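Coordinates in review
Residues per chain, in single letters:
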Amino acid sequence: NAGVTQTPKFRILKIGQSMTLQCAQDMNHNYMYWYRQDPGMGLKLIYYSVGAGITDKGEVPNGYNVSRSTTEDFPLRLELAAPSQTSVYFCASSYSTNTEAFFGQGTRLTVV
Amino acid sequence: TQLLEQSPQFLSIQEGENLTVYCNSSSVFSSLQWYRQEPGEGPVLLVTVVTGGEVKKLKRLTFQFGDARKDSSLHITAAQPGDTGLYLCAGSYNQGGKLIFGQGTELSVKP
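All of the points below concern the structure found in this document. As the structure is a prediction and not an experimental result, all values here were calculated from the model.

The helix and strand inventory of chain A stands at zero helices and 11 strands. For 112 residues, the compact-globule formula gives about 13 Å, and the C-alpha radius of gyration of chain A, at 13 Å, lands near that figure. Along the longest, intermediate and shortest principal axes, the C-alpha atoms of chain A span 35 × 25 × 25 Å. Burial analysis of chain A (112 residues in total) assigns 47% to the buried set. Excluding contacts between residues fewer than 6 apart, the proportion of contacts in chain A whose partners are at least 24 apart in sequence is 53%. For chain A, the exposed area adds up to about 5300 Å²; of that, 52% sits on carbon and sulfur atoms.

The following block contains the structure:
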């Protein structure tokens, strides 16, 4: 059972570089989420999607972009990496907001 | 701004003690979830509460949803070292799709 798969697991970026964090789920969930987690803290919602073709901003969307062309995939794009974006990024999916959210293993990103 | 306040932020106790973690908001939840996260892993669901006043038990863990659906608590009886981890509450305020997390409670249970 794959569940939610995130790639890469680790990445070091230089300031100003761009990258895409990949997220795929095989549970046919409509709802997908991107969160960032700073050390010892909770999760902050970056963007979310309620279905293919529909995305919306979360609590901390600045500096990020997303797309949802298929039900399975929800990539997160960082256009101009900044040190403030150093964090652990988690992708999650769920059947609805009232049901269990399944999380990927996370991507640890460092911007230097 | 929707905000989920979780307290305490840190808790260090001895094995066998009881503890309670709180999750509060000024807004009404449509549902409230509790997750547990271990280092290097994603959060894993413990329970979902939907109905005001609802109480759910999971072995030594008791979860309560406030009557007004604005707050929730997690009570652990006779804590064990295996309970150590980050406990997170998460709420959805409407059917619009947002799932917001609290700041988390870092629990350490010493033998």
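Let us look at the layout of surface pockets. The space that makes up the largest pocket amounts to roughly 480 Å³. If you go around the largest pocket, you meet 24 residues; those closest to its centre are Q37(A), V88(A), R108(A), P39(B) and G40(B). For the lining of the largest pocket, the secondary-structure elements that each account for two or more residues are β9 (87-94) and β11 (107-111) of chain A together with β9 (85-92) of chain B. Across the lining of the largest pocket, the residue classes tally to eight nonpolar, 10 polar and six charged. Of the volumes computed, that of the second largest pocket is approximately 210 Å³. Surrounding the second largest pocket, 16 residues form its lining, M41(A), G42(A), L43(A), K44(A) and Q103(B) being those nearest its centre. Elements with a contribution of two residues or more to the lining of the second largest pocket: β5 (43-51) of chain A together with β10 (100-101) of chain B.

Bringing the pairing of strand β11 (residues 105-110) of chain B into the picture now. Regular strands have side chains that alternate between both faces of the sheet. Residue and element names in this part refer to chain B. The side-chain alternation of β11 yields one buried face, formed by T105, L107 and V109, and one unburied face, formed by E106, S108 and K110. Bridge count between strand β2 (residues 10-14) and β11: five bridges; the pairing is parallel. From the neighbouring strand, F10 faces β11, where its bridge partner is E106. Across three bridges, β9 lies against β11 in antiparallel orientation. When the sheet's bridge partners are listed, L86 is paired in β11 with E106.

What follows is about the environment of R69(B). Residues and elements named next belong to chain B. Tracing the backbone shows R69 in the loop between β7 (61-65) and β8 (71-76). Owing to a relative accessible area of 30%, R69 belongs among the partly exposed residues under this scheme. Expressed as a C-alpha distance, the spacing of R69 and S12, which sit 57 residues apart in the sequence, is 28 Å. Sequence-distant contacts of R69, defined by excluding residues within four places in its chain, comprise S27, V28, F29, S30, V50, T51 and G52.

Bringing the environment of V109(B) into the picture now. With respect to the helices and strands, the residue V109(B) is situated in strand β11. When the C-alpha positions of V109(B) and S12(B) are compared, they lie 6.0 Å apart, and in sequence the two are 97 residues distant.

Let us now look at the nonpolar core. By size, the foremost hydrophobic cluster in this structure holds 39 residues, and its most contacted members are Y35(A), F103(A), L32(B), W34(B) and F101(B). Those residues in contact with F103(A) that lie beyond four places of it in its chain are V4(A), Y35(A), L43(A), F90(A), C91(A), A92(A), Y35(B), G42(B), P43(B) and F101(B). The next biggest cluster of nonpolar side chains, apart from the first, holds 19 residues, and it includes W34(A), I46(A), Y47(A) and V111(A).

What counts, and at which threshold
- Each chain carries its own residue numbering, running from 1 in the direction its sequence is written.
- Chain labels run from A onward and ligand labels from 1 onward, assigned in the order the entries are written.
- Selection of residues for local features in this predicted model requires a pLDDT of at least 70, selection of side-chain atom pairs for listing and counting requires 80 or more, and totals for whole chains, interfaces and linings are taken over all residues.
- Each side-chain value is derived from all of the structure's non-hydrogen atoms; neither hydrogens nor water enter the calculation.
- Each helix is a run of H or I in the DSSP string that is no shorter than four residues. Each strand is a run of E no shorter than two, and both are numbered from the N terminus.
- For this measure, only C-alpha atoms enter the radius of gyration; the expected value for a globule follows 2.2 Å times N^0.38, where N is the number of residues.
- Exposure categories follow from relative accessible area, calculated using a 1.4 Å probe and restricted to protein chains: below 20% of the type maximum is buried, above 50% is exposed, and the middle band is partly exposed.
- Note on contacts: a residue pair qualifies if any of its non-hydrogen atoms lie within 4.5 Å across the two residues.
- Accessible surface is estimated by sampling points in the Shrake-Rupley manner with a 1.4 Å probe; for residues, cover comes only from the protein chains shown.
- Here a cavity means grid points, on a 1 Å grid over the protein atoms only, where a 1.4 Å probe fits yet cannot get out; a pocket means an open set of points with protein on both sides within 12 Å along at least five of seven lines; lining residues are those with an atom within 4 Å of a point.
- Grid points are joined across faces, edges and corners, and a volume is the space filled by probe spheres set on the points.
- Charged residues are taken to be Asp, Glu, Lys and Arg, nonpolar residues to be Ala, Val, Leu, Ile, Met, Phe, Trp, Tyr, Cys and Pro, and polar residues to be all remaining types, Gly included.
- Pairs of strands are assigned from DSSP output, requiring at least two bridges between the strands.
- Buried residues of nine kinds, namely Ala, Val, Leu, Ile, Met, Phe, Trp, Tyr and Cys, make up a nonpolar core once their side-chain atoms join them within 4.5 Å.

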